[in-house]
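Here's the letter readout for the chains.
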Amino acid sequence: LESLKAIDDPLAAGAIAGELLESRGKSIQSRQLRMVWIERLGQYRNLVAVEALVRTGLEEPDNVIREAALEQLVDYGSDSAIATYLQYLGSNDNKLVNRAAQALTWFPDPERSIQYIKSLVTTHQYESAPGPEMQVGFGENGGGLQMGGKKQVRTERRKNPAVLTLVKEVMPEEVDFGYDEQAWLKYVAEQRNQFSGDLRRDP
């Protein structure tokens, strides 16, 4: 471990990023070793290192590793992290929406509050396998029975608790409108209107 910690060549970022990402969700490497990869990538401060840390901050199942990656990104790489995680607030995968919101709590930005609010409740579509029912089909050679129906598309609206935590974190006061998007938007508009007048001070 001491030898690995001593690697300070940025050209090693690609190999170390591969070790970190390929060991995700497996037991082939200890948490201690993977923490070394996080530390090294945080020191390199190049594109390869930032990309690996951003992916880890979203996709890593180990909370300790994921938070260590986010901590490194706070120091360097926050712009890439924010841009990536904001996109995932609109993901069709509800788990990724909440993971992205959790990651964004490391980079809270009151100016993006409306974008956060609009992800409090998200719409997701899921396809279910076709059923075994029979259908009648007709062709040039006559009719017949065909097995299987069409895929069914199910639409669901889901509340995102991690997004609610993020929204409350960027508010100037301790308010909580739950998942009521309109109430939050009204509150934000009222807050901004308070500062929309003439801000010039008397000499």
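Everything here concerns the structure above.
The text that follows walks through the structure, step by step, so that each part is easy to find.

1. Describing helix H5 (residues 63-75)
In step 1: Over its 13 residues, H5 extends 19 Å from the first C-alpha to the last, a length consistent with the 18 Å expected when each residue adds 1.5 Å.
In step 2: Along H5, the positions that sit buried rather than exposed are Ile65, Arg66, Ala68, Ala69, Leu70, Gln72 and Leu73.
In step 3: Of the residues flanking the start of H5, the one acting as N-cap is Asp62, its side-chain oxygen 2.9 Å from the backbone nitrogen of Val64.
In step 4: Within two residues after H5, Gly77 carries a phi angle of roughly 110°, on the positive side.

2. Considerations on the environment of Ala183
In step 1: Counting through the fold element by element, Ala183 comes out in helix H10 (residues 181-193).
In step 2: Spatially, the C-alpha atoms of Ala183 and Ile117 are 9.9 Å apart, while their sequence positions differ by 66 residues.

3. Examining unusual backbone geometry
In step 1: Residues other than glycine seldom take positive phi values, yet Arg45 does so here, at roughly 55°.
In step 2: Counting through the fold element by element, Arg45 comes out in the loop between helix H3 (31-44) and helix H4 (47-59).

4. Side note on helix H9 (residues 161-169)
In step 1: Taken together, the buried positions of H9 are occupied by Ala162, Val163, Leu164, Leu166 and Val167.
In step 2: The secondary structure elements touched by the buried residues of H9 are helix H7 (94-104), helix H8 (113-117) and H10.

5. Observations concerning the environment of Thr123
In step 1: Turning to its location among the elements, Thr123 is positioned in strand S1 (residues 121-128).
In step 2: A relative accessible area of 40% means that Thr123 is categorised as partly exposed.
In step 3: Looking at Thr123, its side chain comes within polar contact range of the side chain of Arg157, at 2.9 Å.

6. Here's the deal with the nonpolar core
In step 1: One finds Leu41, Leu73, Tyr85 and Met171 to be the most contacted residues of the largest nonpolar core, which totals 49 residues.
In step 2: When near neighbours in sequence (up to four residues on either side) are disregarded, Leu41 contacts Ala13, Ile16, Ala17, Leu20, Ala49, Ala52 and Leu53.

7. Digging into the pattern of salt bridges
Note on pairing: side chains with opposite charge can pair once their charged atoms come close.
In step 1: Under the criterion given, the structure shown has eight salt bridges.
In step 2: With its nearest N and O atoms 3.1 Å apart, the salt bridge here joins Arg31 to Asp62. Of this pair, Arg31 sits in helix H3 while Asp62 is found in the loop between H4 and H5, placing the two residues 31 residues apart along the sequence.
In step 3: Each of the salt bridges in this network shares a partner with another, and the network as a whole consists of Arg24, Arg55 and Glu59.

8. Side note on the packing of helix H2 (residues 13-22) against H3
In step 1: As a packed pair, H2 and H3 sit with axes 9 Å apart at the nearest point and diverge in direction by 145°. As H2 runs across H3, the sense of the crossing is left-handed. Of the residues in H3, those in contact with Ala13, Ile16, Ala17, Glu19 and Leu20 of H2 are Arg34, Trp37, Ile38, Arg40, Leu41 and Tyr44.
In step 2: Per-class residue counts for the contact of H2 with H3 are eight nonpolar, no polar and three charged.

About the criteria used
- Residues numbered from 1 in each chain as written.
- Predicted model: local features only at pLDDT ≥ 70, side-chain atom pairs only at ≥ 80, totals over all residues.
- Heavy atoms only, no water.
- Helix = DSSP H or I, 4+ residues; strand = E, 2+ residues; numbered from the N terminus.
- Expected span 1.5 Å × (residues − 1).
- Buried < 20%, exposed > 50% of the residue type's maximum accessible area, 1.4 Å probe, protein only.
- Polar contact = N/O pair within 3.5 Å; in protein donor to acceptor, adjacent residues only side chain to side chain.
- Contact = heavy atoms within 4.5 Å.
- Core = buried A, V, L, I, M, F, W, Y, C linked by side-chain atoms within 4.5 Å.
- Salt bridge = Lys/Arg side-chain N within 4 Å of Asp/Glu carboxyl O.
- Axes fitted to C-alpha atoms, helices over the stretch in contact; angles between N-to-C directions.
- Left-handed = near helix turned anticlockwise from the far one by under 90°.
- Nonpolar A, V, L, I, M, F, W, Y, C, P; charged D, E, K, R; others polar.

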